[in-house]
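Summary of the model geometry
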Amino acid sequence: MITQEREARFREIRDKVEAEERLTLDDGIFLYDPQVSLGAVGELANLVRERKNGNVGYFNINTHLNPTNVCVYRCRFCAFRSDLRDPKGYVMSDEQILQRGQEATENGCTEMHIVGGLHHQKPYEWYRHLIELLHDHYPQIHLKGWTAVEINWFEFQTKKSVRWVLEDLRDAGLGSMPGGGAEIFHPEVRDQLCEHKANTHAWLDIHRTAHQIGLRTNCTMLYGHVEKAYHRIDHLIRLRDLQDETGGFQVFIPLAFHPENTKLSDIKKPSAIMDLRTMAISRLMLDNIQHIKAYWIMLGVETAQTALAYGADDIDGTVRHELIYHDAGATTPQCLSVDKIRDLISEAGRDPVERDTIYRQVHRDPNDYTKWTPGESVEQLAVGS
Ligand code: V47
Ligand code: SF4
């Protein structure tokens, strides 16, 4: 495409965004053309970001729990998993899990993010038990746990319906679901990455059912491996379609592939340019999802900060005990202090706001930092900010 044609095409897209019209598959693919200025795409995404979320930059105080890394699957992008008899394999005891809850409480965490492997010998009851255990001892901590891949495994183990499994976990104390396991929906790519685990239909159906029973969920896309622009935009549109139906996704998180120690280690990690372009295009395509998260653990602190001007309005949390990205070569720190997170957001020119998992503003007791109460939904904050 010659420059003038490209400029005219970009103007067409800009007009649509300004008029709050929906972008198409072709629009999204066009925006991935490296000849289309990243600055211009970022500026458009920023328009939508400020329209939806004002000048706010969200974060939370959270911790991670990966109860086991032993996994029946062998996703080619995964450096975290272990075989049953591998010395690297571990399973956390109830005591270790409770200790994590205690530490989280002492650090004022509002959320525990729980994902792990599908252990060959652990029944569904073990996964349910650890949610119940944590919820009984630390009811104030929101448990955001089990991706659709895990729920699909529990369905297989219990021979019950998705709805039954989700309601049972909710009764045990599950608060919401993380967005992992989505990878890339298009079968041309999914079959190369993880052909045996929950397929696209199952992933979407599990999130649909969660939304139907009132559980909020997150959604993700793993990019920067074997996929092309077409596959990424197709993925975003499938998420957008489900969101039109249910409205249950809270936030989208683009996950940059980290190749170290994986079966795809010959692939180069995506560049910051690719990270920012993907962030911006996600904001533009997902016109019906309120929040876009720049997950600092995976992007690196500097790119996550920059992403706050490229469509993102959230940088995730303080994060303790992250394993999945660090096993795959992430060099980011293990945990950021609350002051550091606030400074990062302020330095990017945004107003830091602490939220809880379901996007309510958090009010901390000024005399005891570990005590907090959830306030109103943050959606009102953006208005007029
Ligand atoms: O499904 C695994 C990804 C996901 C690698 O909901 C990798 O707020 C890059 O669910 N390089 C699990 N990505 C993590 C997840 C998540 C993360 C952050 C926030 C939220 C949320 C959810 O991690 C997996 C897969 O897509 N992953 N290995 C890797 N080497
Ligand atoms: Fe198992 Fe999850 Fe790793 Fe796939 S990404 S191998 S399901 S731990």
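Quantities reported herein were computed from a predicted structural model and do not represent experimental measurements.

**Some remarks on the overall build of the protein chain**
Scanning the protein chain from N- to C-terminus turns up 16 helices and 11 strands. Taken over the C-alpha trace, the protein chain has a radius of gyration of 20 Å; the compact-globule value for 385 residues is 21 Å, and the two agree within 12%. Principal-axis analysis of the C-alpha atoms gives the protein chain an extent of 65 × 50 × 40 Å. Burial status across the protein chain gives 59% buried among its 385 residues. Pairs at least 24 residues apart make up 74% of the contacts formed inside the protein chain by residues separated by at least 6 positions. For the protein chain, the computed accessible surface area is about 15600 Å², with 49% contributed by carbon and sulfur atoms. Put simply, the protein chain has 44 plus and 57 minus side-chain charges, and the middle of one group is 3 Å from the middle of the other.

**What about unusual backbone geometry?**
The phi torsion at lysine 159 lies on the positive side, around 60 degrees, for a residue other than glycine. On the secondary structure map, lysine 159 appears in the loop between helix H6 (148-158) and helix H7 (162-172). Here the phi dihedral of tyrosine 359 falls at roughly 60 degrees; this positive angle occurs in a residue that is not glycine.

**Quick notes on the UniProt feature "domain: Radical SAM core" (unreviewed entry) in the protein chain**
Here, the residues flagged by UniProt with the feature "domain: Radical SAM core" (unreviewed entry) are residues 57-290. Spanning residues 57-290, this segment combines 44% helix with 13% strand, and its end C-alpha atoms are found 13 Å apart.

**Some words on the site of ligand 1**
In the vicinity of ligand 1 lie 21 residues, with Phe77, Lys144, Gly181, Glu183 and Lys293 positioned nearest. One nitrogen or oxygen atom from the side chain of lysine 144 is found 2.8 Å from an oxygen atom belonging to ligand 1. Burial of ligand 1 by the protein amounts to 96% of the accessible area it has alone, namely 620 Å². Secondary structure elements with two or more residues in the shell around ligand 1: strand E5 (217-223), strand E6 (249-256) and helix H14 (324-327). Ranked by residue count, the leading element in the shell around ligand 1 is E6, at three residues. Among the residues forming the shell around ligand 1, the class breakdown is 11 nonpolar, seven polar and three charged.

**Description of the site of ligand 2**
Neighbouring ligand 2 are Cys71, Tyr73, Cys75, Phe77, Cys78, Phe80, Arg81, Leu118 and Lys197. The site holding ligand 2 turns out to be the largest cavity. Taken together, the residues that form the shell around ligand 2 break down as seven nonpolar, no polar and two charged.

**Overview of the packing of aromatic side chains**
What characterises a pair of aromatic rings is the spacing of the ring centres plus the angle enclosed by the ring planes. In the structure shown here, the tally under the stated rule is 11 aromatic pairs. Measuring from centroid to centroid gives 6.1 Å for tyrosine 124 and tryptophan 164, while their planes differ by 55 degrees, and the two rings are tilted. One end of the pair, tyrosine 124, is in helix H5 (residues 124-137); the other, tryptophan 164, is in helix H7, and 40 residues separate them in sequence. Accessibility expressed as a relative area gives 2% for tyrosine 124, which makes it buried. Residue class for tryptophan 164 comes out partly exposed when judged on its relative accessible area of 33%. Of the aromatic side chains, those joined through ring pairs into one cluster are Tyr124, Trp126, Tyr127, Trp146, Phe154 and Trp164. We note lysine 160 situated over the ring of tryptophan 164; from NZ or CZ to the ring centre the distance is 5.0 Å. Over the ring of tyrosine 359 we find arginine 355, and its NZ or CZ is 4.4 Å from the ring centre.

**Topic: the sheet that holds strand E3 (residues 111-114)**
Read across the sheet, three strands follow the order E2-E3-E4 without closing on themselves; strand pairing throughout is parallel. Strands with a single pairing partner mark the edges of an open sheet, and in this sheet they are strand E2 (62-65) and strand E4 (142-145). Taking each pair of neighbouring strands and ignoring which way they run, the sheet shows an average axis angle of 25 degrees. Together, E2 and E3 form the strand contacts of helix H4 (residues 94-106), whose direction differs from that of E2 by roughly 170 degrees. Against the sheet, H5 contacts E2, E3 and E4, and its axis sits at roughly 170 degrees relative to E3.

**Notes on the packing of helix H3 (residues 38-53) against helix H11 (residues 272-285)**
Axis angle and axis distance: for two packed helices, these are the angle between their axes and the distance between the axes, and together they describe the pair. Running from N to C, H3 and H11 point in directions that differ by 45 degrees, and their axes come no closer than 8 Å. Looking at the two axes, H3 sits oblique to H11. Seen from above, H3 lies across H11 with left-handed handedness. On the side of H3, the interface is formed by Leu38, Val41, Gly42, Leu44, Ala45, Val48, Arg49, Lys52 and Asn53, while H11 contributes Ile273, Leu276, Arg277, Ala280, Ile281, Arg283 and Leu284. Among the residues making up the contact of H3 with H11, the classes are represented as 10 nonpolar, two polar and four charged.

What counts, and where the lines are drawn
Residues numbered from 1 in each chain as written. Chains lettered and ligands numbered in written order. Predicted model: local features only at pLDDT ≥ 70, side-chain atom pairs only at ≥ 80, totals over all residues. Heavy atoms only, no water. Helix = DSSP H or I, 4+ residues; strand = E, 2+ residues; numbered from the N terminus. Rg over C-alpha atoms; globule rule 2.2 N^0.38 Å. Buried < 20%, exposed > 50% of the residue type's maximum accessible area, 1.4 Å probe, protein only. Contact = heavy atoms within 4.5 Å. Areas by Shrake-Rupley, 256 points an atom, 1.4 Å probe, with all protein chains shown as cover. Lys, Arg positive; Asp, Glu negative; His and termini not counted. Charge placed at Lys NZ, Arg CZ, Asp CG, Glu CD. UniProt positions renumbered as here; feature names shortened; annotations may be inferred. Near = heavy atom within 4 Å. Polar contact = N/O pair within 3.5 Å; in protein donor to acceptor, adjacent residues only side chain to side chain. Nonpolar A, V, L, I, M, F, W, Y, C, P; charged D, E, K, R; others polar. 1 Å grid on protein atoms, 1.4 Å probe; cavity = no way out; pocket = protein on both sides within 12 Å on 5 of 7 lines; lining within 4 Å. Sits in = over half its atoms within 2 Å of the grid points. Phe/Tyr/Trp six-rings, centres within 6.5 Å; stacked < 30°, edge-to-face > 60°. Lys NZ or Arg CZ within 6 Å of the ring centre and 35° of its normal. Pairing = 2+ DSSP bridges. Axes fitted to C-alpha atoms, helices over the stretch in contact; angles between N-to-C directions. Parallel < 35°, antiparallel > 145°, perpendicular 65-115°, else oblique. Left-handed = near helix turned anticlockwise from the far one by under 90°.

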